[in-house]
Amino acid sequence: MHQTHMIIDGEQLPISSHKVETICNPANQEPVALVSVGTRQDARMALEAAKKAFPLWSETACEKRAELLHSAADLVRERAKSIARLLTQEQGKPLKNARAEILSSAGILDYYAEEGRRNVGEWLATSRGRSVVLRQPVGVAALITPWNYPVDLLSWKVGPCLAAGCTFVAKPPSRAPVAATEFVRAIYDAGLPAGVVNVVHGPGSEVGAELVENPISRKIAFTGETETGRWIMAQAALHIKRVSLELGGQSPFIVCGDADIEKAAAACAQRAFSNMGQICISVNRVYVADEVAEEFTDRLVHQTERLRIGNGLKENVDLGPMFSNEQREKTKEHMKDALDRGAELLCGGREPEGEAFEKGYFFLPTVLDRADHKMKIMREETFGPVAPIMRFETVDEAIKLANDSNYGLAAYIYTSDIATGIQAAERLEAGGVGVNINNVMDYQMPFGGWKESGIGRELGHYGLESFLEIKHIRLGI
Ligand code: NAD
């Protein structure tokens, strides 16, 4: 069976030296890998290693760092097939999506290899002297990530962290650490000095907490639940550490009366159900103009019923199982709450039948009609494959409903009137707005949340800046 070791100071710690856990496939419970479970002591050792490696890495020329990052990207691509397979087995997503995730992560390393070369400073001549502004690496970073995109979301942190000249300790999700560790191993194998990249495994409340609390880490880059982010922010305050927090979402999807309904329904189904709705920018609330509600609903149900569900390792599967039984139970609980409060079930709403599904955490993609804001499904993060629909009369009303949330990660609007699209985009309270497009993520552009969806931005030059400190040097001449 595959073995997943922690990487500390360039060494793969022998699995036998630790408590060992078995990671199982959510599609059938088959064992996938043995993982060593670390302790606070391992996290401390990894932080010490990253601290020791910092002077060398931070002073390495940007061209050299770029060269190593490109080599790392190449090695990740070379190993993409095997890493993707492990990702599907531990997380559940279809193999085609797992491969796309690994390749995208390699692309992020290439992007930041070049972004790091553009980390230029400033110069100003004044009447009393000269001023120089330097942008220098913040120090050792703790990179803490969730299970839904365990490789992609780690690459969003690793790329800018290394390009900025920081060293890191990564803590992948406890129950899906396999592919993420392979990703970091490929980066190390590309020739980075020992201690620049480190990976520890173990419970967030212990190993993750040590990375946050220990004064060695100067920056915490975290993606996960809002509650965990809140705790991390409070701890970071004790040492005034830099934080970037990518947290939960409750994304609205507005369909105006003048929208291309076929296109909107297909886009909605894809963004609501892909990765079984376990995406922070998934569609969680659908607001549809009264006059097109029937047509949109019919088309959405049609699109939903076409999706093929099964073991992610099988060809031609659109959706795999959910990641865990807890996720599935939470989805059922939110759905039941909605039905008890008057929602109408249009499709899905149960586990699929048949032997192939018996041992996995499968759930059919679900569409609900007649939803309203009293329902948990419209207010809390479900993180499951449910699209609840609520109708509206005016776009103004739809925007108010969309903004009536503690979250503000992504929002989407479909309309054929560009002015409506632009005005709505300006008024929607979210870090990313898609107008006639169902994805707000682009390597080059900032990604992050408003309100309780987070603080700071990843990707683009914003991602690099979050690993840099600014220094003003004043020259008296
Ligand atoms: P989680 O918060 O439970 O765990 C995330 C990571 O934090 C894991 O590695 C976990 O071990 C670690 N952790 C837990 N407690 C910790 C602590 N006290 N100190 C330090 N680390 C700790 O989140 P999850 O269930 O793995 O992921 C799902 C959540 O992630 C959802 O809320 C989802 O919206 C969010 N998410 C957000 C984005 C975004 O970009 N905004 C992207 C993907 C997922």
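Residues numbered from 1 in each chain as written. Predicted model: local features only at pLDDT ≥ 70, side-chain atom pairs only at ≥ 80, totals over all residues. Heavy atoms only, no water.

- Going by what an unreviewed UniProt entry lists, the protein chain is known as Succinate-semialdehyde dehydrogenase [NADP+] (Ssdh) and is assigned to Methanothrix soehngenii.
- Here the protein chain is described in UniProt, under the heading Subunit (unreviewed entry), as follows: "Homotetramer."
- UniProt lists a comment for the protein chain under the heading Sequence similarities (unreviewed entry), and it reads "Belongs to the aldehyde dehydrogenase family." (UniProt positions renumbered as here; feature names shortened; annotations may be inferred.)

**Describing a negative patch on the surface**
Then step 1. Together, Asp258, Asp290, Glu291, Glu393, Glu397 and Asp417 make up a negatively charged patch on the protein surface.
Then step 2. Here glutamate 393 is to be found in the loop between strand S17 (386–392) and helix H13 (395–403). (Patch = residues over 30% accessible without salt bridge, like charges linked within 9 Å, V, L, I, M, F, W, Y side chains within 5 Å. Areas by Shrake-Rupley, 256 points an atom, 1.4 Å probe, with all protein chains shown as cover. Salt bridge = Lys/Arg side-chain N within 4 Å of Asp/Glu carboxyl O. Lys, Arg positive; Asp, Glu negative; His and termini not counted. Charge placed at Lys NZ, Arg CZ, Asp CG, Glu CD. Helix = DSSP H or I, 4+ residues; strand = E, 2+ residues; numbered from the N terminus.)

**Side note on the sheet that holds strand S7 (residues 129–137)**
Then step 1. One open sheet holds the three strands; their spatial order is S6-S7-S23, and the pairing between them is antiparallel. Lying at the two open borders of the sheet, with one neighbouring strand each, are strand S6 (122–126) and strand S23 (468–475). Strand after strand, the sheet turns through a mean of 20° between neighbouring axes, direction not considered. (Pairing = 2+ DSSP bridges. Axes fitted to C-alpha atoms, helices over the stretch in contact; angles between N-to-C directions.)

**Considering the sheet that holds strand S20 (residues 432–435)**
Then step 1. Pairing in this open sheet of seven strands is mixed, and the strands run S15-S16-S17-S14-S13-S19-S20 from one edge to the other. Of all the strands in the sheet, the pair left with one neighbour each is strand S15 (344–347) and S20. Across the sheet, the mean angle from the axis of one strand to that of its neighbour is 20°, orientation sign disregarded.
Then step 2. Two elements, strand S16 (residues 366–369) and S17, share three bridges in a ladder whose sense is parallel. Opposite threonine 366, over in S17, you have valine 386 as the bridge partner.
Then step 3. Its contacts with the sheet place helix H11 (residues 325–340) against S15, S16 and S17, and it is angled at close to 20° to S16. (Contact = heavy atoms within 4.5 Å.)

**Points about the site of the ligand**
Then step 1. Taken together, 28 residues sit near the ligand, with Thr145, Lys171, Thr228, Leu247 and Glu381 positioned nearest.
Then step 2. Between the ligand and the protein, one listed contact pairs an oxygen atom with a backbone N or O atom of threonine 145 at 2.8 Å.
Then step 3. With the chains in place, 90% of the 850 Å² that the ligand exposes on its own is no longer accessible.
Then step 4. Elements with a contribution of two residues or more to the shell around the ligand: helix H7 (204–213), strand S11 (217–223) and helix H8 (226–238).
Then step 5. Here the shell around the ligand gets four residues from one element, more than from any other, and that element is H7. (Near = heavy atom within 4 Å. Polar contact = N/O pair within 3.5 Å; in protein donor to acceptor, adjacent residues only side chain to side chain.)

**Let's talk about the UniProt feature "domain: Aldehyde dehydrogenase" (unreviewed entry) in the protein chain**
Then step 1. Mapped onto this structure's residue numbering, the UniProt feature "domain: Aldehyde dehydrogenase" (unreviewed entry) falls at residues 21–473.
Then step 2. With 42% helix and 21% strand, residues 21–473 has end C-alpha atoms that lie 51 Å from one another.

**Some thoughts on the environment of glutamate 429**
Then step 1. Residue placement: glutamate 429 occurs in the loop between helix H14 (418–427) and S20.
Then step 2. Taking the C-alpha atoms as reference points, glutamate 429 and aspartate 404, 25 residues apart in sequence, are found 9.2 Å from one another.
Then step 3. When near neighbours in sequence (up to four residues on either side) are disregarded, glutamate 429 contacts Asn403, Tyr407, Gly408, Trp450 and Lys451.
Then step 4. Of note is the side chain of glutamate 429, whose polar atom sits 2.7 Å from the side chain of lysine 451.

**What about the packing of helix H1 (residues 40–58) against H7?**
Then step 1. In contact at an axis separation of 8 Å, H1 and H7 are set at 35° when each is read in the N-to-C sense. Along this stretch, H1 crosses H7, giving a crossing that reads as right-handed. Here Arg40, Ala43, Arg44 and Leu47 of H1 come into contact with H7, specifically with Ser205, Glu206, Val207, Ala209, Glu210, Leu211 and Glu213.
Then step 2. Across the contact of H1 with H7, the residue classes tally to five nonpolar, one polar and five charged. (Left-handed = near helix turned anticlockwise from the far one by under 90°. Nonpolar A, V, L, I, M, F, W, Y, C, P; charged D, E, K, R; others polar.)

**Notes on the packing of aromatic side chains**
How two aromatic rings sit relative to each other is given by the distance of their centres and the angle of their planes.
Then step 1. All told, the structure shown has eight aromatic pairs when counted by the stated rule.
Then step 2. Judged by centre distance (4.9 Å) and plane angle (85°), the ring pair of tyrosine 111 and tyrosine 112 falls under edge-to-face.
Then step 3. Among the residues examined, tyrosine 112 registers a relative accessible area of 0% and is labelled buried.
Then step 4. Summarising the aromatic geometry, the rings of phenylalanine 253 and tyrosine 412 are spaced 6.0 Å apart at their centres and angled 45° between planes, so their arrangement reads as tilted. In this pair, phenylalanine 253 sits in strand S13 (residues 251–255) while tyrosine 412 sits in strand S19 (residues 410–414), placing the two residues 159 residues apart along the sequence.
Then step 5. According to the relative accessible area criterion, phenylalanine 253 is buried, its value standing at 0%.
Then step 6. Cluster of aromatic residues (ring-pair linked, three or more members): Tyr111, Tyr112 and Tyr443.
Then step 7. Above the ring of tyrosine 149, the side-chain terminus of lysine 93 is found at 3.7 Å from the ring centroid.
Then step 8. A cation over an aromatic ring shows up here: lysine 219 above the ring of phenylalanine 467, its NZ or CZ 4.7 Å from the ring centre. (Phe/Tyr/Trp six-rings, centres within 6.5 Å; stacked < 30°, edge-to-face > 60°. Buried < 20%, exposed > 50% of the residue type's maximum accessible area, 1.4 Å probe, protein only. Lys NZ or Arg CZ within 6 Å of the ring centre and 35° of its normal.)

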